[in-house]
Amino acid sequence: MGGRALRTILAFVTIVLLHYSVRPFLGWRAEPDFLTVALLLAAVRMRPGSAAVTGFLLGLARDALLAQGFGSSAIAFAVVGFGAAWLKAAFFADNLALNGFFFFLGKWAYDLLFFILEGRLGGIDLAIQLGVWSPLAAAVTATAGVLLLILMRPLLQASPT
Amino acid sequence: MARAGRFESRFDLVLLVGCAFLGFFVRALPPHLRDPLASTIRRTVLAPLVSLQRTAELTRGALDTYESRTISLDSLALQAMEARSLAAENETLRDLLAMGARLRWGFTPAEALSASSAAEDFTVTLTVGSNAGIRPNSPVVAPEGLVGMVHTVDPTMSLAIIWPHRDFRVSAMDADGNAFGIVQAHLGREPESYLLELRGVAYRSELKEGTLILSSGLGGVYPKGIPIGTVLREIETPEGWTRSYLILPAVRPQDLRAVMVLDPQRANEGVQHVWSRPAARDSTTRRIVAASDSIARRAAQAEADAARRQAAIDSIARGAENAQQPSAEPRAQTPSPPPAPAAGDSQAGRRGTQGPVRQDSAPRDTSTSRDTAAGRDSTSPPGAAGRENRGSDSAVRRDSTPPRDSTRQLPPPVPPPDTTRSGRS
């Protein structure tokens, strides 16, 4: 395991910890999803299959804290991780705006998959959630992801090939 | 190389499909299998993260509580301030109601607006106009006293000049009706710009500080008896044949909220009893307080007198005891003492004894005389000295006198008896 992989793991763990330590302080209706940011930052540095497995495990951990829809996050994160790793050539560049858009798309895609698979919401509620709250949460997540990218630039300096 | 890449791609796809399959599998698990799995994950892998989340939420809860308490405190402080202003407004309105009850008729209550900008042009806008019967030159009053005069009247509102206005004039007098003059705004510098002047007071009429100044009713606009203010001090004016006084106004412009506009007819009828009652009440209260002070002073003085008298009596009793002890000592020295005189017959006893006894009695008499003098000086009953000097028996009787005798009127002083003279000699 090289230094790049270690740095990636360190960044991943740090962001996952932020999810459970910073997020409760915010208490917003549209909150930043640090787990999505962590998965996307890690996914672009690994193969799609590994990203899918990482997403699956991360989603399973998130599902364990949910009252219902156990497995939904696992599937959604697996798909998002695989997609992020597959699209890394297109999206991963040293451009903050592009990375922000990447985070936005990843979070929105996750919400789309999760709420459909969970099946708790339906009809107009699902439409409002996916049309209003999910984009808002995706925007907040993208902002948080960009901030983290700036803060962790020394840690994540090595670019993928 | 290309084959390896294709293999890796297929492998990635297989992993994705496998993950998706597993996901759907765990999602389809029945609750009795799914819940233990979730619980195991929570208790093992997620335990530190859950603990971290709980700490964060507790901290956030503490911050929220602190914030809500701060908001509550701010809200309470705001409410306290509002309550204070409401209490002041309530008091003003109560005073206004009381004044309305005393006026009974011929007045229109109004709200005085723009009082805060009164410093600029010294006018206020009243919320009543000609529709309510307001006419120009109507007096505007407040529970504290005179405010000003209606200047301009519109159907629904009117403008009034208040006393700091340079056109304000009112014929005034003191409460006794001895001094008359004209009150106008004192156009001085900033510290005194919110005061009034009483001008044209006859030179012989000297007013003391604190004298209440009322409207005299001579000008025809303001009825007689409205408080204007109180005298602060006399001021120097170019006219030497009259006196001018600086007046502290009864009404403060910044406190103007609710006022009353008097109808001209009501003004013509007079309002002398409207403000006189509080003034009379104040003076009565002052008189009662002064009388109670006087009674308390007299009681204290009487108590001090009684204490002084008691001290004098005790001193006399001690003197009498001292006088008896020396007279007994010579009798003990003589082998065949003569029969002791009766206790009550002190004069006879003294006459029957020889020189040493008389010498010993000298200091006793001197001390008795001194105490008596002190007692006389300190309003002790006159004549007590004479009675006490007649003998120890009388002194003992005085000692047993109850204290209530101290306040009784006693006979005039009696000249000191011979024992005093003999003591001095």
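Residues numbered from 1 in each chain as written. Chains lettered and ligands numbered in written order. Predicted model: local features only at pLDDT ≥ 70, side-chain atom pairs only at ≥ 80, totals over all residues. Heavy atoms only, no water.

(A) Quick peek at the overall build of chain B. Of regular secondary structure, chain B possesses 11 helices and 12 strands. Out of the 425 residues belonging to chain B, those deemed buried represent 36%. Here the contacts in chain B between residues at least 6 apart in sequence split such that 62% fall between residues at least 24 apart. A total of about 26,100 Å² of accessible surface is found on chain B, and carbon and sulfur atoms cover 56% of it. (Helix = DSSP H or I, 4+ residues; strand = E, 2+ residues; numbered from the N terminus. Buried < 20%, exposed > 50% of the residue type's maximum accessible area, 1.4 Å probe, protein only. Contact = heavy atoms within 4.5 Å. Areas by Shrake-Rupley, 256 points an atom, 1.4 Å probe, with all protein chains shown as cover.)

(B) Looking closely at the sheet that holds strand 12 (residues 258-262) of chain B. Residues and elements named next belong to chain B. The 6 strands are arranged 1-2-5-4-3-12 in a closed barrel whose pairing can be described as antiparallel. Within this sheet the neighbouring strands show an average axis-to-axis angle of 40°, counted without direction. The sheet contacts of helix 3 (residues 47-103) involve strand 1 (107-113), strand 3 (139-142) and strand 12, and relative to strand 12 the element is tilted by about 20°. (Pairing = 2+ DSSP bridges. Axes fitted to C-alpha atoms, helices over the stretch in contact; angles between N-to-C directions.)

(C) Focus on the packing of helix 3 (residues 34-43) of chain A against helix 5 (residues 72-86) of chain A. Residues and elements named next belong to chain A. Helix 5 packs onto helix 3 with a crossing angle of 40° between their chain directions and a minimal axis gap of 8 Å. Between helix 3 and helix 5, the angle is such that the two are oblique. For the crossing formed where helix 3 meets helix 5, the hand is right-handed. In this structure, helix 3 contributes Leu35, Thr36, Leu39, Leu40 and Ala43 to the contact, and helix 5 contributes Phe77, Val80, Gly81, Ala84 and Ala85. Across the contact of helix 3 with helix 5, the residue classes tally to 8 nonpolar, 2 polar and no charged. (Parallel < 35°, antiparallel > 145°, perpendicular 65-115°, else oblique. Left-handed = near helix turned anticlockwise from the far one by under 90°. Nonpolar A, V, L, I, M, F, W, Y, C, P; charged D, E, K, R; others polar.)

(D) Summary view of the side chain of Asp12 of chain B. Here Asp12 of chain B shows up in helix 1 (residues 2-28). Other than its neighbours up to four places away in sequence, Asp12 of chain B contacts Arg47, Pro48, Gly49 and Phe82 of chain A.

(E) Representation of the interface of chain B and chain A in the model. Residue-level contacts link 28 residues of chain B with 29 residues of chain A. Here chain B meets chain A over a buried area of about 2,500 Å², counting both sides, of which 76% is carbon and sulfur. By the criterion of area lost to chain A, the three top residues of chain B are Asp12, Arg27 and Arg60 of chain B, representing 22% of everything that side buries. The partner of Asp12 of chain B in a salt bridge is Arg47 of chain A, and the shortest N-O contact between them spans 2.7 Å. In this structure, the connection of chain B to chain A is made through 8 residue pairs in polar contact (both at pLDDT 80 or more). (Buried area = accessible area lost by both parts, 1.4 Å probe. Salt bridge = Lys/Arg side-chain N within 4 Å of Asp/Glu carboxyl O. Polar contact = N/O pair within 3.5 Å; in protein donor to acceptor, adjacent residues only side chain to side chain.)

(F) Highlighting helix 7 (residues 96-118) of chain A. All names here are of chain A. Counted at 1.5 Å a residue, the expected span for helix 7 with its 23 residues is 33 Å, and the 32 Å between its end C-alpha atoms agrees. Where helix 7 is concerned, the buried positions are Asn99, Gly100, Phe102, Phe103, Gly106, Lys107, Tyr110, Asp111, Phe114, Phe115, Leu117 and Glu118. Directly after helix 7, the chain includes Gly119, whose backbone phi takes a positive value near 75°. (Expected span 1.5 Å × (residues − 1).)

(G) Broad picture of the nonpolar core. In this structure, Ile15 and Val16 of chain A are the most contacted members of the largest nonpolar core, which totals 49 residues. Of all elements in the fold, only helix 1 (3-21), helix 3, helix 4 (48-64), helix 5, helix 7 and helix 8 (124-151) of chain A together with helix 1 and helix 2 (31-43) of chain B reach the threshold of two or more residues within this core. Ranked by residue count, the leading element in this core is helix 3 of chain A, at 9 residues. Here Val16 of chain A is in contact with Leu35, Ala38 and Leu58 of chain A together with Leu49 of chain B, once residues within four sequence places are set aside. Core analysis: the next-biggest nonpolar cluster, separate from the first, contains 47 residues, Val124, Leu146, Ala160 and Val231 of chain B among them. (Core = buried A, V, L, I, M, F, W, Y, C linked by side-chain atoms within 4.5 Å.)

(H) Here's a closer look at the pattern of salt bridges. Residue and element names in this part refer to chain A. Considering all chains together, one arrives at 10 salt bridges over all chains under this definition. Close ionic contact of Glu31 with Arg23 constitutes a salt bridge, the shortest N to O distance being 3.2 Å. Connected via shared salt-bridge partners are Asp33, Arg62, Lys107 and Asp111.

(I) Seen up close, the environment of Arg166 of chain B. Relative to the elements of secondary structure, Arg166 of chain B occurs in the loop between strand 5 (158-162) and strand 6 (169-174). Between the alpha carbons of Arg166 of chain B and Ala185 of chain B there is a distance of 5.9 Å; along the sequence they are 19 residues apart.

(J) Structural view of the sheet that holds strand 9 (residues 212-215) of chain B. All names here are of chain B. Overall, antiparallel pairing links the 6 strands, which are arranged 6-7-8-11-10-9 in a closed barrel. Strand-to-strand twist across the sheet, computed as the mean angle between neighbouring axes with direction ignored, equals 40°. In this sheet, strand 11 (residues 242-249) lies alongside strand 10 (residues 227-235) in antiparallel orientation, the contact comprising 6 bridges. When the sheet's bridge partners are listed, Glu234 is paired in strand 11 with Tyr245.

(K) Up close: helix 1 of chain A. Taking 1.5 Å of rise per residue, the 19 residues of helix 1 of chain A would be expected to cover 27 Å, and the 27 Å separating its terminal C-alpha atoms lies within 8% of that figure. Looking at helix 1 of chain A, one finds that the buried residues are Thr8, Ala11, Phe12, Ile15, Val16, His19, Tyr20 and Ser21 of chain A. On its buried face, helix 1 of chain A is in contact with helix 2 (23-26), helix 3, helix 4 and helix 8 of chain A together with helix 3 of chain B.

(L) Structural detail: unusual backbone geometry. Residue and element names in this part refer to chain B. Even without a glycine there, the phi angle at Arg104 is positive, about 70°. Residue position: Arg104 is located in the loop between helix 3 and strand 1. Taking relative accessible area as the criterion, Arg104 reaches 68% and is therefore assigned exposed. In this structure, Asn137 takes a positive phi of about 70° despite not being glycine. Tracing the chain through its elements places Asn137 in the loop between strand 2 (123-126) and strand 3.

(M) Summary view of the confidence of the model for chain B. Residues and elements named next belong to chain B. This prediction gives chain B a mean pLDDT of 74; 69% of its residues lie at or above 70. Note that pLDDT drops below 50 for residues 328-425; the model gives that stretch 77 contacts with residues more than four away or on any other chain. Interface predicted TM-score (ipTM) for the complex: 0.83; the corresponding pTM is 0.46. (pLDDT = per-residue confidence, 0-100.)

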